[in-house]
Amino acid sequence: MDEVQAQYEAFPYPERDPADEADRLIEGSPSDPAEIDHYIYGGQRDWSQPFRVLFAGGGTGDGLIMLASKFQAKGHPVEIVYLDLSEASLEIAKARAEARGIDFISFHRDSLLNATDYGAFDYIDCCGVLHHLEDPLVGLRALASALKPDGGLGAMVYAPLGRRGVYALQTAFQTLLSGRPVSEQLKPARAVLEHLNTAHPFLANPNVSDHKVSDAGFVDLLLHSQDKPFQVEELFELADAADMRLVSLIEARLYDPAIYLPSDKDIRQRAAKLSTSQQAALAENLNGNMKTHIFYLAHKANDMKLPSASSLKLVPRLRGVSAAALAKQVAKEGRLKVTLGGMGMTLPVSNASSNLIAQCDGKSLSEIATALRLSMLDFIKAWTPVHNALTGVNLLRYSNGFD
Ligand SMILES: C[S@@+](CC[C@H](N)C(=O)[O-])C[C@H]1O[C@@H](n2cnc3c(N)ncnc32)[C@H](O)[C@@H]1O
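Everything quoted here is computed from the prediction, not taken from an experiment.

(A) Structural context of the layout of surface pockets. The calculated volume of the second largest pocket comes to roughly 350 Å³. Taken together, 16 residues form the lining of the second largest pocket, with Ala252, Arg253, Tyr255, Asp256 and Thr276 sitting closest to its centre. Counting residues per element, the ones that place at least two in the lining of the second largest pocket are strand S6 (244-250), helix H12 (276-287) and helix H16 (376-392). Sorting elements by how many residues they give to the lining of the second largest pocket places S6 first, with 4 residues.

Written out as structure tokens, the structure is:
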């Protein structure tokens, strides 16, 4: 058994109790079905058609249970394959599915490198796994070859700048403790942490807390034998080498260097002239605090476009907030304040937009225009800034089948 597998057998991560399924659903990105529709299918997928999903390194099941529960709630047809090297993680994920009466997942203890053995998939989730592979490109290529031509892949990888201090400590613990079983590394590692230089950047890093939550968290953060974070430019290169393209990062606005720049025209023009990947790299360096990158990939040959504000048959969906509540906030303040990755920002959404937002209750854009008695042209003019502001922070997605 290799070291990574041994770690996740001994310490399934994240730590989850199947009994908690009765009380809450853990939601997030990637792999929320409305998000998949938006980023992979231009918001236009017909969800009455069968959908095959692979969870590659499904772990204890957070993304798996979120996606499966949402299909269960809507009754849309789906078949899910779960793969993980860790039997202990698999058992937890399986128990969580059973607790919810979900019976359309097949569980396999296997490597994602064998993904093609399980057939072709419409969507692949690979959250928090690529950075733990011996060769992430070999892993991504294996997943790409199991993905249908019009399918998509949602992933998360660690990013170094927001994890300052983590990698220095991982290296130090490997120097001191490698060769021991991971369960025997915990106690001495905790003792070393107690004695750490108080000026060590890890202790001042507000982004890391897993080591305080559980043993599994401590191990995953500080005693991992294989953890290679990615700067965003490396992600573009990885996707390219696997013959894939990066459809979008989540949240896209964080990767726009303009939000970090003063009004100086020369500086802004210089940033605007950069390529997409260079702009994202500049944004990451100016942000300085990203601890993960969440993103969607498609095959290079798949030229599906992201939803457009003028595609009137699309159905806008707000994430995590009701149309009425968001509309009220915008009407009152004439702007929208959000916090992303610890960074506060004000979105350019005018009071007048509140009428449009209030109508986002399952109607299509053309139905909203009709309800507000707006010509299609006037509607598109008014809706475009709302679309740009809200999609950029992932508050708005388009889907005909999921909220
Ligand atoms: C950090 S956990 C993430 C779990 C889950 N995707 C999530 O987001 O909560 C990483 C998981 O990847 C699994 N893993 C690592 N290498 C793998 C491989 N080659 N094939 C399948 N699973 C793998 C580990 O066993 C572990 O459960």
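(B) Structural context of the packing of aromatic side chains. Scanning the entire structure with this criterion turns up 11 aromatic pairs. Between the aromatic rings of Tyr41 and Phe51, the centroid separation amounts to 6.2 Å while the plane-to-plane angle is 65 degrees, which identifies the pairing as edge-to-face. Separated by 10 residues along the polypeptide, Tyr41 in helix H2 (residues 33-41) and Phe51 in the loop between H2 and strand S1 (52-56) bring together distant segments of the chain. In this structure, Tyr41 and Phe51 share a single accessibility class: buried. Plain terms: the ring middles of Trp47 and Phe402 are 5.0 Å apart, the flat faces sit at 85 degrees to each other, and that makes the pair edge-to-face.

(C) Spotlight on the site of the ligand. Taken together, 17 residues lie around the ligand, and Gly57, Asp84, Ser111, Leu112 and Cys127 are the ones closest in. Leu85 has a polar backbone atom sitting 3.4 Å from a nitrogen atom of the ligand. Here a nitrogen atom of the ligand sits 3.2 Å away from a polar atom, N or O, in the side chain of Ser111. Contact with the protein chains covers 93% of the free accessible surface of the ligand, which is 590 Å². Residue composition of the shell around the ligand, grouped by class: 8 nonpolar, 7 polar and 2 charged.

(D) Quick peek at the sheet that holds S1. Spatially, the 7 strands line up as an open sheet ordered S3-S2-S1-S4-S5-S7-S6, and their pairing is mixed. Among the strands making up the open sheet, the edge pair consists of strand S3 (105-109) and S6. Averaged over all pairs of adjacent strands, the angle between their axes in this sheet comes to 20 degrees, without regard to strand direction. As paired elements, strand S2 (residues 79-84) and S3 share 5 bridges and run parallel to each other. In the strand pairing of S3, Tyr82 is matched with Phe107.

(E) Molecular detail of the environment of Pro181. Its location among the elements puts Pro181 in the loop between helix H6 (166-177) and helix H7 (186-194). Classification of Pro181 by relative accessible area gives partly exposed; the value is 44%. As a C-alpha pair, Pro181 and Gln7 span 174 residues in sequence and 8.5 Å in three-dimensional space.

(F) Highlighting unusual backbone geometry. Note that the residue after Tyr13, namely Pro14, is joined by a cis bond; omega there is -5 degrees. Between Ile250 and Glu251 the backbone carries a cis peptide bond, its omega angle lying at 0 degrees. Relative to the helices and strands, Glu251 is located in the loop between S6 and helix H11 (265-272). At Ser31, a position not held by glycine, the phi torsion is positive, near 90 degrees. Not every positive phi belongs to a glycine, and Asn394 is a case in point at roughly 65 degrees. Summarising the element assignment, Asn394 is placed in the loop between H16 and strand S11 (396-398).

(G) Layout of empty space enclosed by the protein. Tallied over the entire structure, the rule returns 1 cavity of 30 Å³ or more. Quantified by volume, the largest cavity comes out at close to 30 Å³. Every residue along the wall of the largest cavity is listed here: Tyr39, Ile40, Gly151, Arg245, Val247, Ala298, Asn302 and Met304. For the lining of the largest cavity, the secondary-structure elements that each account for two or more residues are H2 and S6. Of the residues contributing to the lining of the largest cavity, the split by class is 5 nonpolar, 2 polar and 1 charged.

(H) Representation of the nonpolar core. The biggest cluster of nonpolar side chains holds 70 residues, and the ones touching the most others in it are Trp383 and Leu390. Mapping this core onto the domain boundaries places at least three of its residues in each of domain 1 (3-158 + 230-299) and domain 3 (316-398). With sequence-adjacent residues up to four places away left out, Leu390 is seen in contact with Leu318, Leu326, Leu336, Leu347, Ile357, Leu395 and Leu396. Listed in part, the 51 residues of the second largest apolar core include Tyr41, Phe51, Phe71 and Ala189.

(I) Looking closely at the pattern of salt bridges. A full pass over the atoms with the stated rule returns 21 salt bridges. Residues Arg100 and Glu21 are paired through a salt bridge, measuring 2.6 Å at the closest nitrogen-oxygen approach. Of this pair, Arg100 sits in the loop between helix H4 (87-99) and S3 while Glu21 sits in the loop between helix H1 (3-10) and H2, and the two are 79 residues apart along the sequence. The structure contains a network of salt bridges with shared partners spanning Arg16, Asp20, Glu21, Arg24, Asp62, Arg96 and Arg100.

About the thresholds
- Residues numbered from 1 in each chain as written.
- Predicted model: local features only at pLDDT ≥ 70, side-chain atom pairs only at ≥ 80, totals over all residues.
- Heavy atoms only, no water.
- 1 Å grid on protein atoms, 1.4 Å probe; cavity = no way out; pocket = protein on both sides within 12 Å on 5 of 7 lines; lining within 4 Å.
- Points joined across faces, edges and corners; volume = space filled by probe spheres on them.
- Helix = DSSP H or I, 4+ residues; strand = E, 2+ residues; numbered from the N terminus.
- Phe/Tyr/Trp six-rings, centres within 6.5 Å; stacked < 30°, edge-to-face > 60°.
- Buried < 20%, exposed > 50% of the residue type's maximum accessible area, 1.4 Å probe, protein only.
- Near = heavy atom within 4 Å.
- Polar contact = N/O pair within 3.5 Å; in protein donor to acceptor, adjacent residues only side chain to side chain.
- Areas by Shrake-Rupley, 256 points an atom, 1.4 Å probe, with all protein chains shown as cover.
- Nonpolar A, V, L, I, M, F, W, Y, C, P; charged D, E, K, R; others polar.
- Pairing = 2+ DSSP bridges.
- Axes fitted to C-alpha atoms, helices over the stretch in contact; angles between N-to-C directions.
- Core = buried A, V, L, I, M, F, W, Y, C linked by side-chain atoms within 4.5 Å.
- Domains from an automatic or database assignment.
- Contact = heavy atoms within 4.5 Å.
- Salt bridge = Lys/Arg side-chain N within 4 Å of Asp/Glu carboxyl O.

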